[in-house]
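Structural features, examined
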Amino acid sequence: PVALAVKASLESLHGSFDVAEAWFRDAIAHVEDFGQRGAIVFRFATDLVRQDRRDAIELLAPLVAEGGHGLALAVSLAGLLATAYATHKQGELAALTIERALDQLIDVNDSAVRAKLYFQAGYVAFFARDPERAKAYARQAVETAFASHLYDIAARALSILYNIAMDYEDDVRAGRSYLDQLASCSIKAGSRNLLIYATLGQFEIEVLRGNLHESARLDEALQALEVNYSMFASEMLLPAQALRAAWTGDFHRAYRLLATMAEKQITPMRQSQRYADRKS
């Protein structure tokens, strides 16, 4: 089972999620050691959560409920479950689960576990529309992650700070600063997806500013990164491309790009912005 899980993780790293899922499920089906089972489920569920898969909850909830895991793994499983709850609009369960995990964190010395849980707490608070709490946890995550060179986690926490700056504080300068830091972290972490996210955000900001030259450069960078139309692309890339089309007078293309975007936004503010763009 451990060897199967390693193969699954390698497939996941290369973006072969279907193959990875098959290996993970095979590993879980054959594992007998309780500790190994928890670790394999955690790794598999991490993939599912990053793909916004609801079945991550079905996989994690029974494991968290039965307990008996080592403290660090127990905290990690609960934090991951809380983010899955938040993503799928089960706010009360998300808040309850993350608070229990935070209560246990005091006895955990692992910097990676601590930084990730602070990020997850920020994520849950952001989806609960509590920007001040989300910002506090995200900053704590960034500080903890930087201290241990955990650039992947730092980048994810910076994405929360970026969204708060743009959606709640209307602070474009701060948003751009967070994106610059996020891009730097993504390169240090070797994460193409996080670099795409940072570049998408930079592209959106420059389009909003009407900076056609810089937005064109960033559009070329996105093409080089071979962006697919994942969730964050629908949130950021298509609306920015639509606005850029409007700047150049191509209103028909702008409307086509925005026609179904409002319903896919993650916050009411972004939904209302997309509806307003569509009316314009």
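Preceding this paragraph is the structure being described.
Residues numbered from 1 in each chain as written. Predicted model: local features only at pLDDT ≥ 70, side-chain atom pairs only at ≥ 80, totals over all residues. Heavy atoms only, no water.

1. As for the overall build of the protein
Summing up its helical and strand segments, the protein has 15 helices and zero strands in all. In the protein, of all internal contacts separated by at least 6 residues, the share reaching a separation of at least 24 is 54%. Split by element, the accessible area of the protein, about 14,000 Å² in all, is 53% carbon and sulfur. (Helix = DSSP H or I, 4+ residues; strand = E, 2+ residues; numbered from the N terminus. Contact = heavy atoms within 4.5 Å. Areas by Shrake-Rupley, 256 points an atom, 1.4 Å probe, with all protein chains shown as cover.)

2. As for unusual backbone geometry
The phi torsion at Lys89 lies on the positive side, around 60°, for a residue other than glycine. Following the sequence through the fold, Lys89 ends up in the loop between helix H5 (71-87) and helix H6 (91-105). Despite not being glycine, Arg129 has its phi angle at roughly 60°, a positive value. If you trace the backbone, Arg129 turns up in the loop between helix H7 (111-127) and helix H8 (131-147).

3. Looking at the packing of helix H2 (residues 17-30) against helix H3 (residues 34-50)
Running from N to C, H2 and H3 cross one another at 155°; their axes reach a closest spacing of 10 Å. Considered as vectors, H2 and H3 are oriented roughly antiparallel to each other. Of the two elements, H2 crosses H3, and the hand of that crossing is left-handed. Residues Phe17, Ala20, Glu21, Phe24, Arg25, Ala27 and Ile28 of H2 pack against Ile40, Val41, Arg43, Phe44 and Asp47 of H3. (Axes fitted to C-alpha atoms, helices over the stretch in contact; angles between N-to-C directions. Parallel < 35°, antiparallel > 145°, perpendicular 65-115°, else oblique. Left-handed = near helix turned anticlockwise from the far one by under 90°.)

4. Focus on the packing of aromatic side chains
For the structure shown, the criterion picks out seven aromatic pairs. Seen in terms of ring centroids, Phe24 and Phe44 are 5.2 Å apart; in terms of plane orientation they differ by 25°. Their pairing is stacked. Remark: Phe44 occurs in helix H3 and Phe24 occurs in helix H2; sequence separation between them is 20 residues. Each of the two residues, Phe24 as well as Phe44, counts as buried. Taken together, Phe119, Tyr123, Phe126, Phe127 and Tyr168 form an aromatic cluster joined through their ring pairs. (Phe/Tyr/Trp six-rings, centres within 6.5 Å; stacked < 30°, edge-to-face > 60°. Buried < 20%, exposed > 50% of the residue type's maximum accessible area, 1.4 Å probe, protein only.)

5. Some words on the environment of Ser191
Inspection of the secondary structure assignment puts Ser191 in the loop between helix H10 (172-189) and helix H11 (192-208). Classification of Ser191 as buried rests on a relative accessible area of 14%. With 36 residues separating them along the chain, Ser191 and Ala155 place their C-alpha atoms 9.6 Å apart. With sequence-adjacent residues up to four places away left out, Ser191 is seen in contact with Asp152 and Ser186.

6. With respect to the side chain of His88
When you line up the elements, His88 lands in the loop between H5 and H6. Within the structure, His88 has its side chain in polar contact with the backbone oxygen of Asp52 (distance 3.3 Å). Among all residues touching His88, those that are not within four sequence positions of it are Asp52, Arg53, Arg54 and Ile57. (Polar contact = N/O pair within 3.5 Å; in protein donor to acceptor, adjacent residues only side chain to side chain.)

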